[in-house]
Structure formats: C-alpha cells, structure tokens
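# Fold and contact review
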Amino acid sequence: LTQFVVGEGYYFGELEKLLALKNLRGSIRIQVTGKLLGDMESSEGYMRSMKHLEVLDIAFSEHGNHEILLEKLEPPSSLKGLILAYYDETNLPRWWGVGIEDNLAVFLPNLVQIDLGLFLNLLRLPSFSKLLYLKSLNLHWMHKLEYIEDSSYNGNSTDVFFPSLEELYIND
C-alpha cells in the first residue's frame, strides 16, 4: 500500500483503518479529498504504531480542519521524511512543537527530509535547526509565514545549527 485516500464527506472513523497498517514499511501518501465530518474528539495516534514507516506524505485538497486531522496523524518518532502540501490553517498541531523550543526534534529526531508546500495561512514554523540528521529542507509558497526559526543565538560557539543540512530551498 502506497496511498490512502480519504474521500468526500468522510468521518474520522475511516482513519481507524490506518491502525491495521502498523507493519507498513517504506512510505505512504495520504490524500485528503474531502471535508471532515463526525466526531472531532475521536482517538488520536493513528500512525504512531507504524514503527517501520520512513516517509509520510500528506496532501489536502479541501479547506478546513487540517490542524485537527494532522494532530490525529502524528507519525512515529522513527520517521525520516515528512512531506505536507496544501495546509490551510494558521497553526500546526502540538507535535510540531511551535512555540516550544526544540520540540520537533524531540518528537521526530530522525528526520532527514522535510518538504512543506502551499501552507496558505500558516504564521510560524517550529525550529528545524536542531534536527541532527536533517539533510534537505524545502519550503514552498508560504505567503503569510512570519517566523521560520523562532529561537535566538546565545553567542555560544558550540551551538551548531543544521549540522547535516545539504539542501535548503525556499520559494515564495
């Protein structure tokens, strides 16, 4: 299985099918083609048990409730690649660590690739510079973004930002 499609008028219960994929290896693309319906307070962690998942690619095609859905799709900490497109919210879910220093590095310490595009209303991103293995960071079309890195350099020469970064691409 390489693609999981969530269709028009779906309910969160449909996402429970992801729980059966705990042995999924490699990558998965989740295409969200409809608006959220049903119980927004249903369980979370549909993807956390996928310990062998390496790359998570999520693309939205409708407006609305992306933050809630993304919270429920928190990936396993072993994830190496995160691709996200057409995100239509001003904030990211808790596990991204916005406003909490180094939180993304705590939740997803093994990320090697981050590719984020068409974040139509997002205001700030979490700190990516502390991700020790991050080699590729691509940011596309984030017109309302105010902060990319909301941390400050304290003058300590031992602070290493982006220790493994090989590719940085920013396109507005």
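Please refer to the structure placed before this passage.
The text that follows walks through the structure, step by step, so that each part is easy to find. In this text the structure is predicted, and so the values were computed from the model without any measurement.

## Focus on the overall build of the chain
- A count of helical and extended segments in the chain gives two helices and seven strands.
- Listing the helices and strands of the chain from first to last along the sequence gives β-β-β-α-β-α-β-β-β.
- With 172 residues in all, the chain has 41% of them scored as buried.
- Summed over all atoms, the accessible surface of the chain reaches about 8700 Å², with 50% contributed by carbon and sulfur.

## Comments concerning the pairing of strand β6 (residues 136-140)
- The element β6 is largely enclosed, with a buried count of five among its five residues.
- Burial of β6 is two-sided: the residues S136, N138 and H140 facing one way and the residues L137 and L139 facing the other way are all buried.
- Where β6 lies against strand β7 (residues 167-171), five bridges are found, and the strand directions are parallel. Bridge pairing in β7 places N138 opposite Y169.

## A look at unusual backbone geometry
- Even without glycine at this site, Y86 takes up a positive phi of about 65°.
- With respect to the element layout, Y86 can be found in the loop between β4 (81-85) and α2 (103-107).
- The exposure class assigned to Y86 is partly exposed, which follows from its relative accessible area of 43%.
- For L118, which is not a glycine, the phi torsion comes out positive at approximately 55°.
- In this fold, L118 is placed in the loop between β5 (113-117) and β6.

## Observations concerning the environment of N138
- Note that N138 resides in strand β6.
- Accessibility expressed as a relative area gives 8% for N138, which makes it buried.
- Once the C-alpha coordinates of N138 and L168 are considered, the two residues, 30 residues apart in sequence, prove to be 5.9 Å apart.
- Once residues within four sequence positions are removed from consideration, N138 is found in contact with I114, D115, L116, E167 and Y169.

## Considering the pairing of strand β1 (residues 3-6)
- Burial of β1 is one-sided: the residues F4 and V6 facing one way are buried, the residues Q3 and V5 facing the other way are not.
- With four bridges joining them, β1 and strand β2 (residues 26-32) adopt parallel strand pairing. Within the sheet, the bridge partner assigned to Q3 lies in β2 and is R29.

## Examining the pattern of salt bridges
- Counting across every chain of the model gives four salt bridges.
- We note a salt bridge from R94 to E71, for which the minimum N-O separation is 2.9 Å. Note that R94 is positioned in the loop between β4 and α2 and E71 in helix α1 (residues 66-72), a separation of 23 residues in sequence.
- Among the residues examined, E71 registers a relative accessible area of 12% and is labelled buried.
- In this structure, R94 and E74 form a salt bridge, with 2.9 Å as the shortest nitrogen-oxygen distance. On the criterion of sequence distance, the pair formed by R94 in the loop between β4 and α2 and E74 in the loop between α1 and β4 is long-range, its members being 20 residues apart.

## As for the packing of aromatic side chains
- Counted under the stated rule, the structure contains three aromatic pairs.
- Relative to W96, the ring of W95 has its centre 5.4 Å away and its plane inclined at 35°; by these criteria the two rings are tilted.
- Relative accessible area serves as the criterion here: at 0%, W95 is assigned to the buried category.
- Ring-pair connections join several aromatic residues into one group, and the members of that group are F60, Y87 and F119.

## A word on the sheet that holds β1
- Strand order in this open sheet of seven strands is β1-β2-β3-β4-β5-β6-β7, and the pairing throughout is parallel. Lying at the two open borders of the sheet, with one neighbouring strand each, are β1 and β7. Across the sheet, the mean angle from the axis of one strand to that of its neighbour is 5°, orientation sign disregarded.

Rules behind the numbers
Per chain, residues are indexed from 1 in the order of the written sequence. Given that this is a predicted model, residues contribute local features only at a pLDDT of at least 70 and side-chain atom pairs are listed and counted only at 80 or more, while totals for whole chains, interfaces and linings are drawn from all residues. To obtain the side-chain values, all non-hydrogen atoms of the structure were included, while hydrogens and water were left out. Secondary structure follows DSSP: runs of H or I at least 4 residues long count as helices, runs of E at least 2 residues long count as strands, and numbering of each begins at the N terminus. Partly exposed describes any residue whose relative accessible area lies between the buried limit of under 20% and the exposed limit of over 50%, with all areas from a 1.4 Å probe on protein chains only and scaled to the type maximum. Accessible surface area values rest on a Shrake-Rupley calculation with a 1.4 Å probe, where residue burial reflects the displayed protein chains alone. A pair of strands counts as paired when DSSP detects no fewer than two bridges linking them. Residue contacts follow a heavy-atom distance rule, with two residues in contact if any of their heavy atoms lie within 4.5 Å. For this analysis, a salt bridge means a side-chain nitrogen from Lys or Arg found within 4 Å of a carboxyl oxygen belonging to Asp or Glu. Any two rings among Phe, Tyr and Trp, with Trp reduced to its six-membered ring, count as a pair given centres within 6.5 Å; such a pair is stacked if its planes are under 30 degrees apart, edge-to-face if over 60, and tilted if neither. In this analysis, axes come from line fits to C-alpha atoms, helices being fitted only over the stretch in contact, and the angle between any two N-to-C directions falls in the range 0 to 180 degrees.

Fair warning: the whole summary comes from geometry, so function is off the table for now.
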